[in-house]
Amino acid sequence: MIVLAICNHKGGTGKTTSTINLAAALGLSGYRTLVIDLDPQSFLTRMVGLPEPPVEASSLMLFDPERTLKDLPVQQRTAFDVLPSSSMLSKAMRKLNKPTDVLWVKEAIEDAPDYDAILFDTAAAITVYSLNALVASRHVLIPVMPEYQPILGGEQTFQTAMMVREKLNPTLHPPHFLFTMVDARKRNHRAYRQYLRGRYGDRVMNAIIRTSTSLSVTHDDGSTVFEHAPHSRGAHDYANAADELLRLIAPEQLAETPRIEPDDPSRGPWKSITHLG
Ligand SMILES: Nc1ncnc2c1ncn2[C@@H]1O[C@H](COP(=O)(O)OP(=O)(O)OP(=O)(O)O)[C@@H](O)[C@H]1O
Ligand SMILES: [Mg+2]
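Residues numbered from 1 in each chain as written. Chains lettered and ligands numbered in written order. Predicted model: local features only at pLDDT ≥ 70, side-chain atom pairs only at ≥ 80, totals over all residues. Heavy atoms only, no water.

*Asks:* I'd love a proper account of the overall build of the protein, names of residues and values included.
*Replies:* Within the protein one finds 10 helices and eight strands. Taken against the 2.2 N^0.38 rule, which gives 19 Å for 277 residues, the C-alpha radius of gyration of the protein at 18 Å falls within 12% of a compact globule. Each principal axis of the C-alpha distribution contributes one length, and for the protein these read about 45 × 40 × 35 Å. Within the protein, the proportion of its 277 residues that are buried is 56%. Total accessible area on the protein is roughly 12500 Å²; 52% of this is exposed by carbon and sulfur atoms. Measuring between centres, the 29 positive side-chain charges of the protein sit 8 Å from its 31 negative side-chain charges. (Helix = DSSP H or I, 4+ residues; strand = E, 2+ residues; numbered from the N terminus. Rg over C-alpha atoms; globule rule 2.2 N^0.38 Å. Buried < 20%, exposed > 50% of the residue type's maximum accessible area, 1.4 Å probe, protein only. Areas by Shrake-Rupley, 256 points an atom, 1.4 Å probe, with all protein chains shown as cover. Lys, Arg positive; Asp, Glu negative; His and termini not counted. Charge placed at Lys NZ, Arg CZ, Asp CG, Glu CD.)

Spelled out as structure tokens, the structure:
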């Protein structure tokens with residue numbers, strides 16, 4: 001199973017947008033995919049058209065010793081399932097202050113046979129929730145915009161992930177960086193890319209996500225750019241990014257997972273995500 005945390009300690013870098021669209025790309029390619037919203041601000045939950053859930057149906061229940069993921073009612077969207085966040089996560093944070101409180105989510109998802117991929121959306125801060133995501137995950141994706149503060153936040157996030165790997169979760173791989181909201185008209189993109197490549201080498205993904213209005217539109221049924229604007233650059237870029245990510249973190253699953261036939265007309269013009277490049 002792919003378990004991926006999407007993190008950057010800096011806000012507004014495309015974490016939620018990347019979580020939704022990577023999950024959609026995986027889901028539409030045949031991966032049974034669950035998104036867990038661990039951001040108390042619940043933007044992902046809202047962006048996929050879900051109302052504030054009762055606390056018993058929220059991601060806070062992963063912190064209940066009586067429950068695991070399979071006891072919880074996930075919400076179905078067109079391409080993936082969602083375990084929504086609740087504003088109660090903010091209130092509960094004060095009580096989750098023991099060292100062992102970073103282990104809840106790892107234990108809760110251990111028995112999740114229904115999914116090929118679980119993606120965590122996290123808040124722009126080091127909280128007990130983002131630490132739970134890192135402790136539960138095998139991989140981390142750090143979306144970064146080509147600007148000073150997001151890159152700095154991204155580097156701090158890399159250090160946090162490496163600390164978690166050293167102290168709490170030896171199965172966690174070093175993170176990958178994904179450039180988001182790239183505006184080709186701005187010259188400094190190349191400089192930031194060269195800087196990160198110089199420091200982190202091939203942990204910086206080749207795929208980039210360009211600025212695209214198609215990515216800021218939300219739909220009540222949780223359908224994504226792949227359904228409502230399949231020809232857009234947003235659909236193309238996230239299909240490419242999902243394809244590269246799978247080759248990086250789960251090459252064995254690419255061969256194993258049954259995929260939808262490329263000529264299935266319901267899949268739109270981007271066909272298989274492995275055929276874009
Ligand atoms: N490639 C893109 N093109 C255009 N707009 C984008 C793109 N990616 C994200 N956005 C917009 O930028 C804003 C921030 O994106 P998003 O919410 O995904 O970031 P975030 O890192 O999750 O933020 P937060 O730290 O607040 O959780 C949103 O309004 C989103 O619609
Ligand atoms: Mg967000």
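*Asks:* Before we move on, can you summarise the nonpolar core with the specific residues and values?
*Replies:* Residues Ile36, Leu62, Ile109, Ile118, Phe120 and Tyr129 are the most contacted members of the largest nonpolar core, which totals 45 residues. In terms of residue count, helix 5 (residues 128–136) provides more of this core than any other element does, seven residues in total. Apart from residues lying up to four places away in sequence, Tyr129 is in contact with Leu38, Pro40, Leu60, Phe63, Leu89, Ala92, Met93 and Leu96. Ile6, Ala25, Leu50 and Phe226 belong to the second-largest nonpolar core, a separate cluster that totals 38 residues. (Core = buried A, V, L, I, M, F, W, Y, C linked by side-chain atoms within 4.5 Å. Contact = heavy atoms within 4.5 Å.)

*Asks:* Lay out the pattern of salt bridges in plain terms, naming residues and giving numbers.
*Replies:* Overall, the coordinates contain nine salt bridges when judged by the stated rule. The partner of Arg67 in a salt bridge is Asp64, with the nearest N and O atoms 3.6 Å apart. Arg67 gets classed as partly exposed once you look at its relative accessible area, which sits at 27%. Across the pair Arg210 and Asp237 runs a salt bridge, and its minimum N-O distance is 2.9 Å. (Salt bridge = Lys/Arg side-chain N within 4 Å of Asp/Glu carboxyl O.)

*Asks:* A description of the packing of helix 6 (residues 148–167) against helix 7 (residues 188–200) should follow, citing residues and the corresponding values.
*Replies:* It is the contact of helix 6 with helix 7, at a shortest axis distance of 11 Å, that shows an interaxial angle of 15 degrees. Compared by their axis directions, helix 6 and helix 7 come out roughly parallel. Remark: the crossing between helix 6 and helix 7 carries right-handed chirality. The segment helix 6 lies against helix 7, with Tyr148, Ile151, Glu155 and Phe158 engaging Tyr192, Tyr195, Leu196, Arg199 and Tyr200. Residue composition of the contact of helix 6 with helix 7, grouped by class: seven nonpolar, no polar and two charged. (Axes fitted to C-alpha atoms, helices over the stretch in contact; angles between N-to-C directions. Parallel < 35°, antiparallel > 145°, perpendicular 65-115°, else oblique. Left-handed = near helix turned anticlockwise from the far one by under 90°. Nonpolar A, V, L, I, M, F, W, Y, C, P; charged D, E, K, R; others polar.)

*Asks:* Tell me about the site of ligand 1, and please be specific about residues and values.
*Replies:* If you check the shell around ligand 1, you find 16 residues, and the closest are Thr13, Lys15, Thr16, Thr17 and Ser212. Measuring from an oxygen atom of ligand 1, one finds a side-chain N or O atom of Thr17 at 2.6 Å. Here Arg210 contributes a backbone N or O atom positioned 3.0 Å from a nitrogen atom of ligand 1. Here ligand 1 loses 79% of its free accessible area of 630 Å² to cover by the protein chains. If you list the elements that add at least two residues to the shell around ligand 1, you get helix 1 (15–28) and strand 8 (204–210). Class assignment of the residues belonging to the shell around ligand 1 gives a composition of four nonpolar, nine polar and three charged. (Near = heavy atom within 4 Å. Polar contact = N/O pair within 3.5 Å; in protein donor to acceptor, adjacent residues only side chain to side chain.)

*Asks:* Break down the pairing of strand 8 for me, with residues and values.
*Replies:* By the bridge criterion, three bridges tie strand 7 (residues 176–182) to strand 8 in an arrangement that is parallel. The partner of Val182 across the bridge, within strand 8, is Arg210. Between the parallel pair strand 7 and strand 8, the chain is carried across by helix 7, and the sense of this crossover is right-handed. (Pairing = 2+ DSSP bridges. Right-handed = clockwise from strand over helix to strand, strands pointing away.)

*Asks:* Please give an account of unusual backbone geometry that cites residues and values.
*Replies:* Positive phi outside glycine occurs at Ser42, with the angle close to 60 degrees. Among the structural elements, Ser42 can be located in the loop between strand 2 (33–37) and helix 2 (43–47). Its identity is not glycine, yet Met181 carries a phi of approximately 50 degrees, on the positive side. Its location among the elements puts Met181 in strand 7. The exposure class assigned to Met181 is partly exposed, which follows from its relative accessible area of 37%.

*Asks:* Tell me about the sheet that holds strand 7, and name the residues and values.
*Replies:* Read across the open sheet, the eight strands follow the order 3-4-2-5-1-6-7-8; overall the sheet is mixed. Because the sheet does not close on itself, it has two edges, and the strands there are strand 3 (75–76) and strand 8. Here strand 2 runs beside strand 5 (residues 117–121); their pairing, made up of five bridges, is parallel. By the bridge assignment for strand 5, Ile36 is matched with Phe120. Against the sheet, helix 1 contacts strand 1 (2–6), strand 2, strand 5, strand 6 (139–144) and strand 7, and its axis sits at roughly 170 degrees relative to strand 5. On top of the sheet, helix 5 reaches strand 1, strand 5 and strand 6; it is set at about 150 degrees to strand 1, its chief contact.

*Asks:* Quick one: what's the story with helix 9 (residues 233–249), residue by residue and with numbers?
*Replies:* The terminal C-alpha atoms of helix 9, which comprises 17 residues, lie 24 Å apart, in line with the 24 Å expected from a rise of 1.5 Å per residue. Burial analysis of helix 9 places 13 of its 17 residues in the buried class, the great majority of the element. (Expected span 1.5 Å × (residues − 1).)

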